[in-house]
Amino acid sequence: MSAVSDRLPVFPWDKLEPYKATAAAHADGIVDLSVGTPVDPVPELIRKALVAAADSPGYPTVWGTAELRDALVGWCERRLGARGFTHRNVLPTVGSKELVAWLPTQLGLGPGDKVAYPRLAYPTYEVGARLARADYVAYDDPTELDPTNLKLLWLNSPSNPTGRVLAKDELIRIVAWAREHGILVVSDECYLELGWEAEPVSVLHPEVCGGSYEGLIAVHSLSKRSNLAGYRFAFLAGDESRLHDLLQIRKHGGMMTAAPVQAAAAVALGDDAHVSEQRARYAARREALRDALTAHGFRIEHSEASLYLWATRDENCWDTVGRLARLGILVAPGDFYGTAGERFVRVAFTATDERVAAAVERLRKG
């Protein structure tokens with residue numbers, strides 16, 4: 001019996017370590033724009049909710065408290081335009097990465113079943129298929145795929161890494177095609193509240209789904225919009241039948257979000273002010289880095305949403321990574337997200353204002 005790890009590719013971030021060491025050797029220290037981890041404080045009202053719920057000696061439930069489910073339903077109706085939502089249309093998860101990695105397995109997929117994801121994509125979509133021993137295929141346009149044995153279609157809008165946003169008409173067309181062929185659509189929308197030059201739309205919007213959530217699941221996270229990556233909270237929304245099945249599986253697996261985190265998440269979902277404040281921080285950093293990269297000879301493609309700039313100097317991505325590392329700036333090589341990204345780098349604008357200003361100055365001088 002082979003180890004499960006034998007099914008998986010080399011962990012991509014390990015390849016970046018030598019470049020990280022080069023960047024860290026800069027006299028003024030590293031500016032890490034590679035991973036995209038939040039650096040700003042957790043909003044005070046969320047921290048207070050966490051502390052207030054700290055005395056939680058009992059086991060939490062996988063489905064979450066009624067208060068949390070109320071908050072999830074309210075947020076989906078307010079922010080996604082969902083209509084007629086109930087508690088049966090939502091399901092908390094322990095962050096979004098575990099969900100992406102294990103969803104094909106929890107759906108019962110295996111050899112002969114196919115999972116599809118964008119040509120340029122978050123690597124964990126492929127990892128999830130591999131863990132389930134399912135087949136996998138990358139696409140440019142999902143409606144051009146052979147639907148035979150295609151059981152799970154991943155969408156990602158806004159995209160990681162490119163920041164591309166799927167227009168409403170595209171979503172309508174894709175959803176109609178998937179329903180025609182009985183394919184489950186799971187839309188990773190974790191950056192939906194971070195649109196800059198486009199307004200992202202959910203697959204759960206009534207103009208996209210036609211008022212029915214059958215065959216549709218959206219994935220959302222509080223990591224970026226609320227600086228809660230360390231809290232590990234995300235959720236699913238959509239098809240109640242599919243979510244019911246997943247709830248039963250996750251109950252058996254003990255996949256429960258910590259009780260204090262559930263309380264904090266409920267408060268975060270009910271407050272839009274802190275999201276607006278964080279958006280303003282990111283908008284300023286994005287503008288500064290975009291201008292600096294363009295002046296340095298980069299071309300920015302897509303990047304109309306999300307927390308990244310998809311940038312190229314029309315050279316191999318590792319040459320660009322090395323060039324920037326010598327300036328003390330660490331970015332992610334585009335080929336982490338597929339061979340189509342081999343001449344791009346992904347530049348996160350999640351560093352502090354001080355570090356972003358340092359990167360801008362180094363690009364100006366370099």
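Keep in mind that this is a model prediction, so the values were computed, not measured.

Rules and cut-offs
Residues numbered from 1 in each chain as written. Predicted model: local features only at pLDDT ≥ 70, side-chain atom pairs only at ≥ 80, totals over all residues. Heavy atoms only, no water. Helix = DSSP H or I, 4+ residues; strand = E, 2+ residues; numbered from the N terminus. Rg over C-alpha atoms; globule rule 2.2 N^0.38 Å. Buried < 20%, exposed > 50% of the residue type's maximum accessible area, 1.4 Å probe, protein only. Contact = heavy atoms within 4.5 Å. Areas by Shrake-Rupley, 256 points an atom, 1.4 Å probe, with all protein chains shown as cover. Lys, Arg positive; Asp, Glu negative; His and termini not counted. Charge placed at Lys NZ, Arg CZ, Asp CG, Glu CD. Expected span 1.5 Å × (residues − 1). Axes fitted to C-alpha atoms, helices over the stretch in contact; angles between N-to-C directions. Parallel < 35°, antiparallel > 145°, perpendicular 65-115°, else oblique. Left-handed = near helix turned anticlockwise from the far one by under 90°. Nonpolar A, V, L, I, M, F, W, Y, C, P; charged D, E, K, R; others polar. Pairing = 2+ DSSP bridges. Salt bridge = Lys/Arg side-chain N within 4 Å of Asp/Glu carboxyl O. Core = buried A, V, L, I, M, F, W, Y, C linked by side-chain atoms within 4.5 Å.

Notes on the overall build of the protein chain
1) Next: Counting secondary structure elements, the protein chain contains twelve helices and 13 strands.
2) Next: On C-alpha atoms alone, the protein chain measures out to a radius of gyration of 20 Å, which is about the 21 Å that the 2.2 N^0.38 rule sets for 366 residues.
3) Next: Projected onto its principal axes, the C-alpha positions of the protein chain cover 55 × 50 × 45 Å.
4) Next: Expressed as a percentage of its 366 residues, the buried residues of the protein chain come to 54%.
5) Next: Pairs at least 24 residues apart make up 75% of the contacts formed inside the protein chain by residues separated by at least 6 positions.
6) Next: A total accessible area of about 15400 Å² is found for the protein chain, and carbon and sulfur atoms account for 52% of it.
7) Next: Here the protein chain contributes 41 positively and 47 negatively charged side chains, and the mean placements of these two sets differ by 3 Å.

Things to note about helix 10 (residues 273-295)
1) Next: A rise of 1.5 Å per residue sets the reference length of helix 10, with its 23 residues, at 33 Å; its end C-alpha atoms lie 34 Å apart and thus fit the reference within 8%.
2) Next: Tucked into the core, helix 10 has its buried residues touching helix 2 (44-52), helix 9 (259-269), strand 9 (299-301), strand 10 (308-312), strand 13 (345-348) and helix 12 (353-365).
3) Next: Phi turns positive one or two residues past the end of helix 10, at glycine 297, with a value near 105°.

Notes on the packing of helix 3 (residues 66-80) against helix 9
1) Next: Running from N to C, helix 3 and helix 9 point in directions that differ by 30°, and their axes come no closer than 9 Å. Relative to helix 9, the element helix 3 lies roughly parallel. Along this stretch, helix 3 crosses helix 9, giving a crossing that reads as left-handed. Where helix 3 abuts helix 9, its residues Glu67, Leu68, Ala71, Leu72, Trp75 and Arg78 lie against Gln262, Ala265, Ala266 and Leu269.
2) Next: Each residue belonging to the contact of helix 3 with helix 9 can be placed in one class, and the counts come to seven nonpolar, one polar and two charged.

Some points on the sheet that holds strand 3 (residues 114-118)
1) Next: Sheet architecture is open: seven strands sit in the order 2-8-7-6-5-3-4, paired in mixed fashion. The open sheet has two edge strands with one neighbour each: strand 2 (90-93) and strand 4 (135-139). Each strand of the sheet is rotated relative to its neighbour by a mean of 20°, with strand direction disregarded.
2) Next: As paired strands, strand 5 (residues 150-156) and strand 6 (residues 184-188) are joined by five bridges and run parallel to one another. Residue pairing across strands places leucine 155 opposite serine 187, the latter belonging to strand 6.
3) Next: Sheet strands in contact with helix 8 (residues 240-253) are strand 2, strand 6, strand 7 (216-221) and strand 8 (234-238), and its direction is about 35° off that of strand 2.

Things to note about the sheet that holds strand 10
1) Next: What the four strands build is an open sheet, ordered 9-10-13-12; its pairing is antiparallel. On the outer flanks of this sheet lie strand 9 and strand 12 (332-333), each paired with one strand and no other.
2) Next: Two elements, strand 10 and strand 13, share four bridges in a ladder whose sense is antiparallel. Bridging from a neighbouring strand, tryptophan 310 pairs with arginine 346 of strand 13.
3) Next: Contacting strand 9, strand 10 and strand 13, helix 10 crosses the sheet at an angle of about 5° to strand 10.

Details of the side chain of lysine 224
1) Next: By secondary structure assignment, the location of lysine 224 is in the loop between strand 7 and strand 8.
2) Next: Buried and without a salt bridge, lysine 224 has aspartate 188 as its closest oppositely charged side chain, separated by 9.1 Å.
3) Next: Apart from the residues lying within four places of it in its own chain, the contact partners of lysine 224 are Gly36, Pro38, Tyr191, Leu194, Gln278, Tyr282, Leu307 and Tyr308.

Section: the nonpolar core
1) Next: Core analysis: the largest hydrophobic core is formed by 65 residues, its most contacted members being Leu33, Trp154 and Ile329.
2) Next: For this core, the leading source of residues is helix 11 (residues 317-325), giving five residues.
3) Next: Excluding its chain neighbours within four sequence positions, the residues that come into contact with leucine 33 are Leu289, Ile329, Leu330, Val331, Arg346, Val347, Ala348, Ala351 and Ala359.
4) Next: Of all hydrophobic cores here, the second largest spans 47 residues; its members include Trp75, Val208, Ala218 and Ala268.

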